[in-house]
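The chain contents come next:
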Amino acid sequence: MNKFSVAFYKVACLCCLLCMSLSNLSGQTASTSQVVGSVFDAQTNRPLGLSSIQVFTTKDGKLVSGSLASDSGTFSISLDAGDFYVTIDFMGYKAFKSNSFVISPAQPNQNLGVIKIQSNTNTLQEVVVQAEKSTMQLTLDKKIFNVGKDLANAGGSASDILTNIPSVSVDPEGNVKLRGSDNVRILIDGKPSGLVSLKGGSGLQQLQANMVESVEIITNPSARYEAEGMAGIINIILKKERRQGFNGSVELTTGTPTNLGAAANLNYRHKKVNFFINYGIAYRKQPNVGNLYQEVYTADTTFFLEQKNKGELTGFNNNIRGGLDFYLTEKDVFTAAMLYRRSQGNRYTTINYRDFALNKTNLTGTSTRTQDEDETEPNSEYSLNYKKSFAGKGHELIAEVKYIDYWENSDQLFTQQYYTPQGTEDASRSLLQRSLNDEFEKQWLFQLDYVKPLGEDGKFETGVRSSIRNMVNDYVVTQRNNSGGFEPLPGLDNIFVYDEDIHSAYGILGNKHKKFSYQGGLRAEWTEVKTTLKETNEVTPRSYVNLFPSAHFTLSLPKDNALQLSYSRRVRRPFYNDLSPYVTFSDSRNFFSGNPDLNPEFSNVIEVGQLKTFAKGSYTSALYYRSTKGKIERIRTVDTAGNSVTRTENLLSENAFGLEFTGQYSPVKWWKVDLNFNFFQAEIDGSNIKQDYKTKTYSWFARQTSRFMFKHNFDVQLRTNYEAPQKTAQGTRKSLYYLDLSMSKDVLKGKGTVNLNVLDVFNTRRNRSITEGSNFYAESDFQFRRRQINLSLSYRIRQAKPAVKAKKADEE
């Protein structure tokens, strides 16, 4: 979807136990009366899914119930007897208020029919917004987060946005986890993107936050989604307006450490044609520090290593996205879009090693290694989309073709000097090495989806999808020899080729009977994967067919409660970096590489969820269980010289279960609270690698956000984050905690906003871990992102503020 609704509710919920919520429901009697209808755009006739529907009593205007429209625009709200009226709100549209109606035994149901609402094309001064867009919109099958509402996102990147999303955690290196699992599929506008193909979640650090509209979290996807992603799907929606006339926004950012940026989002629509363009430019410097302590045990000696790292990453990023929608008719829409990104960076790192033998006072020598890397990454994506709407609500056909072209060039120079315990340089051991690495990716994506309503509440969906992807990594590491020339190091000169073809088809059937709705689906995927090391002629082909069933059952209960039981089978195919045997060479003691022989891991996921809405907020809670076979994990080994290699391996299994609570609540008009809590337990079996690689662990993480809305459009936001320690197959990941503070003030007669945020106020966000093996013990502490202070100014052109407070908040 390209636009999301205004959730009229006032945010976040009190912490309630799931069992208390369920027991409260058991004594209530279901109502058989309801008001139904559907919401559409008056001009384009598009359904306005997730519109905010609220029901008030006619006599005193008291809010008695509320809901969100479905993706097809329909809504159904249970009511007791009485006189009522309905209001409908959707961001960028004029508010709708129905006539009064009566619910009684003689007239138990009220059908409001098709409600068409007009887009609001007035200037900002002419608009009086009665409610504000909620940070969170909670539904049973997914959660939607409108990121423009979050003050901490101003001046940041898409990676910073995910840091602030409930259920999601991002470590300082940019790696993304959902509910504690890194087996998550990241999509952009519902499709794969070159931004995350090679670098995973860390690639999102090069996409400016200003270009992002919202984020969808889908923890147990249906068969319509590709089966990739064990923990679920994170779908990042980029900004795109469809309102008539010219509108847009611009943003300027400065910060320390150096963070200079500018972004513009512009849109123009005239009758049948809609143009949109987003541009962002950023220059950043990111200092990092870290240290490693290691003990290595041999038959008669213990060796000690004290290592300190210090570095800085300098990046210059350009992103441009543009396209057009052409309305052939009101029922035929053609969309063309492109995204181009170019990133240039320099990474300079210094590593100091201190070596000891027998004890930590017996220094045997020191050495210093520097890395100087220049990196260039151009990335382009092109897509064509056609949507055909047939007679009958929700009856449609969507076809899309997408092409991704990605290239990355890395040129690294390494120097290393050795010194005696007395500090004298040993020039005979000095090293000068160079690493050249070119990575290419080309991908074609073809997709066709068809939706056919069946009766009043039923629906049949089917579709096909083909993905054809080719990736190449051409790398060589050379070292200066005694004559001054450079020659390749053994095993570090090769061309790695990854070919992947995935063809899939799915079908989904769903319906509703009174308060009970159900949906069942099946997805079949045919996968052909081949990895090739050209220089050594090592070819590893794989071919397999897999079925991925899914099922969702929902029961609507009184007092705006709903329960859902869902099941899906998921897969995590090895990522490119999981497979590439290229060894990172920046650290001469610690090496990281992929494994071309990795197999996919498969999971069965079961989830029970509850959703409750009420006048001052809403919350959702869930119990989930995930059984995984062939879990992919990084395993560290250390040789007798103290050199470590961390390599991806398939473990036997992981069984995990957890409890999650997400809520939003507004105790008073000027204070809004968001809360997310997740507890999970996992049992990991890696005995196929080593007999004692078994562990049972539990962990939890919590995030709380308070937003205070003062007079004269001045807001303050405070967010606390905590991730508890967690055991791994080889040790422990220590706790992680940090605090963010943000403030915003409207300026320029309400057309602009100044935002100041301090991310990681106390500079505590560090990656700390303990890793153990039969012959080593290692403890690390790294901080890849330091405390960041950003100041930004945004200016809106014929656009309402993404989050406008109700009038009364300022009056009070």
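Note that the structure is predicted; figures quoted are calculated from it, not measured.

What counts, and at which threshold
- Residues numbered from 1 in each chain as written.
- Predicted model: local features only at pLDDT ≥ 70, side-chain atom pairs only at ≥ 80, totals over all residues.
- Heavy atoms only, no water.
- pLDDT = per-residue confidence, 0-100.
- Helix = DSSP H or I, 4+ residues; strand = E, 2+ residues; numbered from the N terminus.
- Contact = heavy atoms within 4.5 Å.
- Core = buried A, V, L, I, M, F, W, Y, C linked by side-chain atoms within 4.5 Å.
- Buried < 20%, exposed > 50% of the residue type's maximum accessible area, 1.4 Å probe, protein only.
- Phe/Tyr/Trp six-rings, centres within 6.5 Å; stacked < 30°, edge-to-face > 60°.
- Lys NZ or Arg CZ within 6 Å of the ring centre and 35° of its normal.
- Pairing = 2+ DSSP bridges.
- Axes fitted to C-alpha atoms, helices over the stretch in contact; angles between N-to-C directions.

Regarding the confidence of the model for the protein
- Taken as a whole, the protein shows an average pLDDT of 82; of its residues, 85% reach a score of 70 or greater.
- Averaged pLDDT values for the elements of the protein fall to 31 in helix α1 (residues 18-26) and rise to 94 in strand β43 (residues 776-783).
- Taken as a whole, residues 121-134 scores under 50 in pLDDT and shows 40 contacts with residues more than four places along the chain or in a different chain.

A few points about the nonpolar core
- L162, V168, V215, I234 and I236 are the most contacted members of the largest nonpolar core, which has 20 residues in total.
- When near neighbours in sequence (up to four residues on either side) are disregarded, L162 contacts V168, V170, V176, L204, V215 and I234.
- Core analysis: the next-biggest nonpolar cluster, separate from the first, contains 17 residues, I53, I77, F84 and F101 among them.

Quick word on the packing of aromatic side chains
- Following the criterion strictly, the structure yields 20 aromatic pairs and no others.
- A centroid spacing of 5.0 Å and a plane angle of 40° characterise the contact between W700 and Y722, whose relative ring orientation is tilted. In this pair, W700 sits in strand β36 (residues 694-710) while Y722 sits in strand β37 (residues 714-723), placing the two residues 22 residues apart along the sequence.
- What links up through ring pairs into an aromatic cluster is the set W670, W671, F708, F710 and F714.
- Here R589 stacks its cationic end above the ring of Y353, 4.5 Å away from the centre of that ring.
- Positioned above the aromatic ring of Y738, the side-chain terminus of R765 is 5.0 Å from the ring centre.

A few points about the sheet that holds strand β29 (residues 590-593)
- Taken in spatial order, the three strands of this open sheet run β29-β33-β32, and their pairing is mixed. The open sheet has two free edges, formed respectively by β29 and β32 (632-638), since each of these has just one partner strand. Strand-to-strand twist in this sheet, taken as the mean axis angle between neighbours without regard to direction, amounts to 25°.
- Pairing analysis gives seven bridges linking β32 to strand β33 (residues 644-650), with the strands arranged antiparallel. Note that in β33 the partner of R634 across the bridge is T648.

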